[in-house]
Amino acid sequence: MANGKVLVIMGSDSDFPIMEGCFKILNKFGVEYEVHIASAHRTPAKAEKLSKEAKGNGFSVIIAAAGLAAHLAGVIASNTVLPVIGVPCKGGALNGVDALYATVQMPTGIPVATVAIDGGSNAAILACQMLAISDCDLTNKLVDYKNELASSVEAKETKLQAKLMEAGL
């Protein structure tokens, strides 16, 4: 198990399909995590409690996923000194752009690192990179992962060149 834990807070259970990739990445890297549902608007006291108690409960990074108005990550960040990664989720009339703006446009003093719309997997990778600052084993796992990514691109290049030759192009 990696040093440090990640607290994942989803605004709704409807965010689960987006965040499933996040959980898979955290599992792949052996990072301990907990998942909770708390709404910035419907259960603000719970969101505040989770964020205020996170550091004392051994968490090192918080990932907050929400759609529509997407104030969850900002509410979480306003109540902790831990780094917060926001995941804006698709939904509503603006298909996630509103969630992106609400997550990324934070006032000075309340930063939220924000990944792409529906970027749960990238949020997990960023959390792992933050934890790896003080965890050599996790650093090595990330290096291996990046090498796997590069190898997969090279394998695709090889297949492409074979297709081009086969087609006489």
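Each remark here, short or long, concerns the structure printed above.
Residues numbered from 1 in each chain as written. Predicted model: local features only at pLDDT ≥ 70, side-chain atom pairs only at ≥ 80, totals over all residues. Heavy atoms only, no water.

Draft legend 1. Summary view of the pairing of strand β3 (residues 59-67). With respect to burial, β3 is a largely interior element, seven of its nine residues being buried. Here strand β1 (residues 5-10) runs beside β3; their pairing, made up of six bridges, is parallel. From the neighbouring strand, Met 10 faces β3, where its bridge partner is Ala 65. As defined by bridge partners, β3 adjoins strand β4 (residues 84-89) across six bridges and the pair is classed as parallel. Note on β4: the bridge partner recorded for Ala 65 is Val 87. Handedness of the crossover is the feature at issue here: the chain leaves β3, passes through helix α3 (residues 72-77), returns alongside β4, and the resulting connection is right-handed. (Buried < 20%, exposed > 50% of the residue type's maximum accessible area, 1.4 Å probe, protein only. Helix = DSSP H or I, 4+ residues; strand = E, 2+ residues; numbered from the N terminus. Pairing = 2+ DSSP bridges. Right-handed = clockwise from strand over helix to strand, strands pointing away.)

Draft legend 2. Fine view of the pattern of salt bridges. Within the structure shown, the criterion is met by three salt bridges. The salt bridge partner of Glu 48 is Lys 52, with a shortest N-O separation of 2.6 Å. Here the residue Glu 48 and the residue Lys 52 both occupy positions in helix α2 (residues 44-54), the gap between them amounting to four residues, near one helical turn. Glu 53 is the partner of Lys 49 in a salt bridge, and the nearest nitrogen-oxygen pair spans 3.0 Å. Here Lys 49 pairs with Glu 53, and both are found in helix α2, just four residues apart, close to one helical turn. (Salt bridge = Lys/Arg side-chain N within 4 Å of Asp/Glu carboxyl O.)

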